[in-house]
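# Survey of secondary and tertiary structure
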Amino acid sequence: MIRLEVLGPHTQLLSTLCAKCPQGPAGCCKAPPEVDWSDVGRIVAGGGRDFVLARIAAKELIPTERGLVIRRVKRREAKTEPMERKCVFHGALGCTIRPGLRPATCNYFLCEDTFVEGGERKGEANAARARQAHGALRAAYEQWDAELSAQIAVKYPEGASWNAEFLDWLGEAFVELEASLPLAPLG
Ligand code: SF4
Ligand code: SF4
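Conventions and cut-offs
Residues numbered from 1 in each chain as written. Chains lettered and ligands numbered in written order. Predicted model: local features only at pLDDT ≥ 70, side-chain atom pairs only at ≥ 80, totals over all residues. Heavy atoms only, no water. Near = heavy atom within 4 Å. Nonpolar A, V, L, I, M, F, W, Y, C, P; charged D, E, K, R; others polar. Phe/Tyr/Trp six-rings, centres within 6.5 Å; stacked < 30°, edge-to-face > 60°. Helix = DSSP H or I, 4+ residues; strand = E, 2+ residues; numbered from the N terminus. Buried < 20%, exposed > 50% of the residue type's maximum accessible area, 1.4 Å probe, protein only. Lys NZ or Arg CZ within 6 Å of the ring centre and 35° of its normal.

If you look the protein chain up in an unreviewed UniProt entry, it shows as YkgJ family cysteine cluster protein from Polyangium spumosum.

The local shell around ligand 1 consists of Leu17, Cys18, Cys21, Gln23, Gly27, Cys28, Cys111 and Thr114. For the shell around ligand 1, the residue count by class is five nonpolar, three polar and no charged.

Applying the stated rule across the entire model yields ten aromatic pairs. Ring centres 5.6 Å apart and planes at 15° place the aromatic pair Trp37 and Trp162 in the stacked group. One end of the pair, Trp37, is in helix α1 (residues 37-45); the other, Trp162, is in the loop between α5 (125-155) and α6 (164-180), and 125 residues separate them in sequence. Between the aromatic rings of Tyr156 and Phe166, the centroid separation amounts to 5.0 Å while the plane-to-plane angle is 90°, which identifies the pairing as edge-to-face. Taken together, the positions of Tyr156 in the loop between α5 and α6 and Phe166 in helix α6 put the pair ten residues apart, joining distant regions of the chain. What makes Phe166 buried here is its relative accessible area of 0%. Above the face of the Phe115 ring, Arg131 is positioned so that its terminal group lies 4.0 Å from the ring centre.

As structure tokens, then:
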């Protein structure tokens, strides 16, 4: 079954299949998405600036030319489980950080198996809404990311400085973009 929590850019798409993921205990958290500029901006706008700085200092978030990547670690949460290389933020009960601190992809991505289990082919309304929301969110984040990349290239030609001033600017730039290039209605 698929469930939607429609909250604009913070929308979450949830599937009951994830609790018994065919990919193993860590599911798709074995391959965490990148934290793009649009993700960093959204996280900071939601009050996560100090989280970002602390996690960079702890080397759990690693700066790149396109934003941040999340460190992967090899571990298992129980002796009965296999060792897995997975996102540093994944724990025994799933993700250990709140949705507002994750890359948006973590919140809106669902694999094809979930749409099958959610009855998309049988016309389940929630599956159809989730498919539409997934497409709209991905398109919006791609556009916001491209815009922020262009702004960063102009404002920080030497590359981003990963400090409070840069992050505050990025958070404000994200809020402005969200207003000028709004997300399509998600239903
Ligand atoms: S979205 Fe798919 S791959 Fe990811 S945890 Fe859920 S069932 Fe597993
Ligand atoms: S941030 Fe959370 S949801 Fe995203 S990959 Fe890591 S553990 Fe999974």
